[in-house]
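Report on the structure
Listed below are the residues making up each chain.
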There are 2 protein chains.
Amino acid sequence: MGDLSQGAAFIDDRYIPVAEASISLLDWGFLHSDATYDVAHVWKGRFFRIDAYLDRFERSMQRLRMSVPYSREQIREVMFELVRRSGLRDAYVEIVCTRGIPAPGSRDPRTCSNRFMAFAIPFVWIADDRLRAQGMNLLISRHQRIPPESVDPRIKNYHWLDMVMGLFEAYDAGADSAVLVDAVGNLVEGPGFNIFVRCGDRVITPARGVLEGVTRATVLELLAAEKLQVSTELLPAAMARAADEVFITSTAGGVMPVTRISGQAVGGGLPGALTARLNDAYWALHDDPHYTTAINYGGAPNEE
Amino acid sequence: MGDLSQGAAFIDDRYIPVAEASISLLDWGFLHSDATYDVAHVWKGRFFRIDAYLDRFERSMQRLRMSVPYSREQIREVMFELVRRSGLRDAYVEIVCTRGIPAPGSRDPRTCSNRFMAFAIPFVWIADDRLRAQGMNLLISRHQRIPPESVDPRIKNYHWLDMVMGLFEAYDAGADSAVLVDAVGNLVEGPGFNIFVRCGDRVITPARGVLEGVTRATVLELLAAEKLQVSTELLPAAMARAADEVFITSTAGGVMPVTRISGQAVGGGLPGALTARLNDAYWALHDDPHYTTAINYGGAPNEE
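What this report covers is the structure whose coordinates are included nearby. Since this is a predicted model, take the numbers as computed values, not measurements. (Residues numbered from 1 in each chain as written. Chains lettered and ligands numbered in written order. Predicted model: local features only at pLDDT ≥ 70, side-chain atom pairs only at ≥ 80, totals over all residues. Heavy atoms only, no water.)

1. Notes on the overall build of chain A
Quick note on the threshold: Each helix is a run of H or I in the DSSP string that is no shorter than four residues. Each strand is a run of E no shorter than two, and both are numbered from the N terminus. To get the radius of gyration, use the C-alpha atoms; to get the globule rule, take the number of residues to the power 0.38 and multiply by 2.2 Å. Partly exposed describes any residue whose relative accessible area lies between the buried limit of under 20% and the exposed limit of over 50%, with all areas from a 1.4 Å probe on protein chains only and scaled to the type maximum. Any two residues whose heavy atoms approach within 4.5 Å at even a single point are treated as in contact. For accessible areas, the Shrake-Rupley method is used with a probe of radius 1.4 Å. Any residue's cover is judged against the shown protein chains and nothing else.
Each helix and strand in chain A was counted, giving 8 helices and 17 strands. Compactness check: chain A gives a C-alpha radius of gyration of 20 Å against a globular reference of 19 Å for 304 residues, within 12% of the reference. Along the first, second and third principal axes, the C-alpha atoms of chain A reach 55 × 50 × 35 Å. For chain A, the residues scored as buried account for 60% of the 304 residues in total. The contacts in chain A between residues at least 6 apart in sequence include a share of 70% that link residues at least 24 apart. Total accessible area on chain A is roughly 11,600 Å²; 49% of this is exposed by carbon and sulfur atoms.

2. Points about helix H3 (residues 72-86) of chain A
Residues and elements named next belong to chain A. As a reminder, the rule being used: To estimate how far a helix should extend, the number of its residues minus one is multiplied by 1.5 Å.
Taking 1.5 Å per residue as the helical rise, H3 with its 15 residues ought to reach 21 Å, and the 21 Å between its terminal C-alpha atoms agrees with that figure. Taken together, the buried positions of H3 are Ile75, Arg76, Val78, Met79, Phe80, Glu81, Leu82, Val83 and Ser86. With its phi angle positive at about 75 degrees, Gly87 sits one or two positions after the end of H3.

3. Regarding the sheet that holds strand S5 (residues 46-48) of chain A
All names here are of chain A. Just so we agree on the cut-off: At least two DSSP bridges between two strands are required for those strands to pair. Angles run from 0 to 180 degrees between N-to-C directions of axes, and those axes are lines fitted to C-alpha atoms, restricted for helices to the stretch in contact.
In space, the 7 strands of this open sheet follow the order S2-S1-S7-S6-S4-S5-S17, with antiparallel pairing throughout. The open sheet has two edge strands with one neighbour each: strand S2 (14-17) and strand S17 (292-294). For this sheet, the mean angle separating the axes of adjacent strands, direction not counted, is 25 degrees. Both strand S6 (residues 91-98) and strand S7 (residues 115-122) contribute to a ladder of 8 bridges, which runs antiparallel. Note on S7: the bridge partner recorded for Glu94 is Phe119.

4. Some remarks on the packing of helix H2 (residues 50-63) of chain A against H3 of chain A
Residues and elements named next belong to chain A. Just so we agree on the cut-off: Here the angle decides the label: under 35 degrees means roughly parallel, over 145 means roughly antiparallel, 65 to 115 means roughly perpendicular, and every other value means oblique. The hand of a helix crossing depends on one turn: near helix anticlockwise from the far one by less than a right angle means left-handed, and clockwise means right-handed. Basically, the charged four are Asp, Glu, Lys and Arg, the nonpolar ten are Ala, Val, Leu, Ile, Met, Phe, Trp, Tyr, Cys and Pro, and anything else, Gly included, counts as polar.
Contact geometry of H2 with H3 gives a least axis separation of 11 Å together with a crossing angle of 130 degrees. The angle between H2 and H3 places the two elements in the oblique class. At the point where H2 passes H3, the crossing takes the right-handed sense. Facing H2, whose interface residues are Ile50, Asp51, Leu54, Asp55, Phe57 and Glu58, H3 presents Arg72, Ile75, Arg76, Met79 and Phe80. Its residues assigned to classes, the contact of H2 with H3 shows 6 nonpolar, no polar and 5 charged.

5. What to know about the sheet that holds strand S4 (residues 35-43) of chain B
Residue and element names in this part refer to chain B. Spatially, S2-S1-S7-S6-S4-S5-S17 is the arrangement adopted by the 7 strands of the open sheet, whose pairing is antiparallel. Pairing within the sheet leaves two strands with one partner each, and these edge strands are strand S2 (14-17) and strand S17 (292-294). Going from strand to strand, the sheet's axes swing by 25 degrees on average, the running direction of each strand aside. Pairing of strand S1 (residues 8-11) with S2, which is carried by 4 bridges, proceeds in the antiparallel orientation. The partner of Phe10 across the bridge, within S2, is Tyr15.

6. Focus on the packing of aromatic side chains
Heads up, the rule is: Between 30 and 60 degrees the pair is tilted, below 30 it is stacked and above 60 it is edge-to-face, where a pair is any two Phe, Tyr or Trp rings, Trp via its six-membered ring, whose centres lie within 6.5 Å. Comment: the charge-over-ring label is applied if NZ (Lys) or CZ (Arg) is within 6 Å of the ring centre and within 35 degrees of the ring normal.
By the definition in use, this model includes 36 aromatic pairs over all chains. Judged by centre distance (5.7 Å) and plane angle (50 degrees), the ring pair of Trp125 of chain A and Trp283 of chain A falls under tilted. With a gap of 158 residues between them, Trp125 of chain A in the loop between S7 and helix H4 (129-134) and Trp283 of chain A in helix H8 (residues 273-284) connect regions that are remote in the sequence. Here the aromatic cluster, defined as three or more aromatic residues joined through ring pairs, consists of Trp43, Phe48, Tyr92, Phe123, Trp125, Tyr282, Trp283 and Tyr291 of chain A. Positioned above the aromatic ring of Tyr171 of chain B is the side chain of Arg110 of chain A, whose terminal nitrogen or guanidinium carbon lies 3.7 Å from the ring centre.

7. Structural notes on the relation of the copies chain A and chain B
For clarity, the threshold we go by: Least-squares fitting of one copy onto the other uses the C-alpha atoms of those residues that reach a pLDDT of at least 70 in both copies.
It takes a turn of 180 degrees to lay chain A on chain B, together with a shift of 0.0 Å along the axis; the resulting RMSD is 0.0 Å. As the rotation angle and translation indicate, the two copies are arranged about a two-fold axis. The fraction of interface residues of chain A whose copies in chain B are also interface residues reaches 100%, indicating that both copies meet through the same surface.

8. Quick notes on the nonpolar core
To keep things clear, this is the line we draw: Take the buried residues of types Ala, Val, Leu, Ile, Met, Phe, Trp, Tyr and Cys, join any two whose side-chain atoms come within 4.5 Å, and each joined set is a nonpolar core.
Counting 208 residues, the largest nonpolar core has Phe47 and Phe116 of chain A together with Phe47 and Phe116 of chain B as the members making the most contacts within it. Beyond its immediate chain neighbours, meaning those up to four positions away, Phe47 of chain A contacts Ala40, His41, Val42, Met79, Phe80, Val83, Val93, Tyr291, Thr292, Thr293 and Ile295 of chain A.

9. Brief notes about the pattern of salt bridges
How we decide: A pair is scored as a salt bridge if a Lys or Arg side-chain nitrogen falls within 4 Å of a carboxyl oxygen belonging to Asp or Glu.
Scanning the model with the defined rule gives 42 salt bridges over all chains in all. The partner of Arg142 of chain A in a salt bridge is Glu169 of chain A, with the nearest N and O atoms 3.8 Å apart. Taken together, the residues span a long stretch of sequence, with Arg142 of chain A in strand S8 (residues 136-144) and Glu169 of chain A in helix H5 (residues 161-172) at a distance of 27 residues. For Glu169 of chain A, a relative accessible area of 13% gives the class buried. Two residues, Asp108 of chain B and Arg110 of chain B, come together in a salt bridge whose shortest N-O distance is 2.8 Å. Exposure remark for Asp108 of chain B: the relative accessible area of 14% places this residue in the buried category. Taken together, the shared-partner salt bridges in this structure form one network comprising Asp51, Asp55, Glu58, Arg72 and Arg76 of chain A.

10. Points about the interface of chain A and chain B
Short version of the rule: Summed over both partners, buried area is the accessible surface (1.4 Å probe) that two parts give up on being assembled. Under this definition, polar contacts are N or O atom pairs within 3.5 Å; protein pairs additionally need one hydrogen-donor-capable and one acceptor-capable atom, and for neighbouring residues in sequence, both atoms have to be side-chain atoms.
At the junction of the two partners, chain A supplies 58 residues and chain B supplies 59 residues. Taken together, the two surfaces of chain A and chain B that pack against each other cover about 5,000 Å², and 69% of this comes from carbon and sulfur. Taken together, the links from chain A to chain B amount to 2 salt bridges. The salt bridge involving Asp172 of chain A is made with Arg65 of chain B; its shortest N-O contact spans 2.5 Å. Seen at the junction of chain A and chain B, the total is 19 residue pairs in polar contact (both at pLDDT 80 or more). Counting residues per element, the ones that place at least two in the side of chain A that touches chain B are strand S3 (22-24), helix H1 (28-31), S6, S7, S8 and H5 of chain A.

Here you go:
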């Protein structure tokens, strides 16, 4: 069945190397980006908050009027099996539902059979070791994030051209990534992350127009232990520029410091103490059985 | 090499049945809808304005900073070859460029090799015979079309979740399709079509936030022969509701009458004379060698 150690996929009820996994050119999941997905991560052989990701995936499918012939428990089992078969200890596990292919001669999405597929690949950090230590330079993009009135951002989706063009814009400006804005210039989210700022004892993350990230939610929970006023609301660009501390949150790395906004130092240009404390607390949760579920690799060294 | 008569694809330098054509799950063309495409049509064995579609495809790739290892002439040849091999006399020919797969461990689109693929499938009308004769009931959607500030609509793209949700909304309301709006309620475009209205001797089609359709451009050219004031500008919903005539334009059908807007009759509830005249003129151009290019099917009955 091929080498699954570089990543495994589940598609058409088979487990295959991810490099061989593909979808039909005619699936609306490709031709109309008519799909939803979610990505949980595995760290040191344990899933982190897998049920939070499954909850969101189920809500996303409902909102897109999709359903698949797999129960939640079966999808959960596929996720474990992908990691077990690949042997990966640190991994992303992506679950996907696509609209499928309309009946011949039709352009009616109601004639489609929705399709489920999944894959596990090695963990990739959104920011490398150096950037996580020193802090990122985050460009405020001139691209607006696709607004909620067009595509509900609570439905995790592949509509990323705004994000990708924001990345190119960031690289052109010598920045490490970009945060996109809304129609009136408030900061919203970036490619794969939510954003937080601290101004004195206030901490703010955008309330609207963003993916409700699991890492974002975890950080909001961790912030309850801090003596800070925390709120989700609008985040004007000027507030981020004047902040004492800025950080981003992502399944692809946890809590990561931002030390420059569009090239200008924020918070003295050094990673903040709150950022470091939250990141430590976030990763510490990865040893907590309340937040994680061990994968049984079947006799391999990391078996639990 | 399989039966190509139901559609043929060109991928990885091979011609295969379209039903067998697929792209990698890991291609950002799928995972981030980071792709552009174009669709030309073949009618009675002739391509219609193929160079207009190729021009737009080239511009779209440039705007997304993509390039492929095929010249324009080679892409054009692939398009002809797909139709020749499939034997289809009435077809869509879709050409696609995807970002590709980033280097291992990277999330940087600059590390991707962009990919080119193409396919030919039988022609599918956006509206069936009955609707083209009687006119469509077009719902004004509450979904906003993804704005130009997020994704440049002149780049033909697969960001369609707003369109698909608009279609579901239309079906729920008993309508045939939907036209999406901008942030302040002007009509913009619908799934696969541009919209025109006639009020007295004025004809308007939205100037902004829309794909610059080849059929739209062709109709604007045909309108020059009419004694009408034609302009591209904002199209308030109220103007469409009060119009004497409403029609949509698409590669997938030409010029098609709209006789109801959100269930309310427009223009007396019957297809308009201008609509019919433009549609006849549009299809008449399909016999004109200035607008079309014959396909050499190699000895088959329709050879030209």
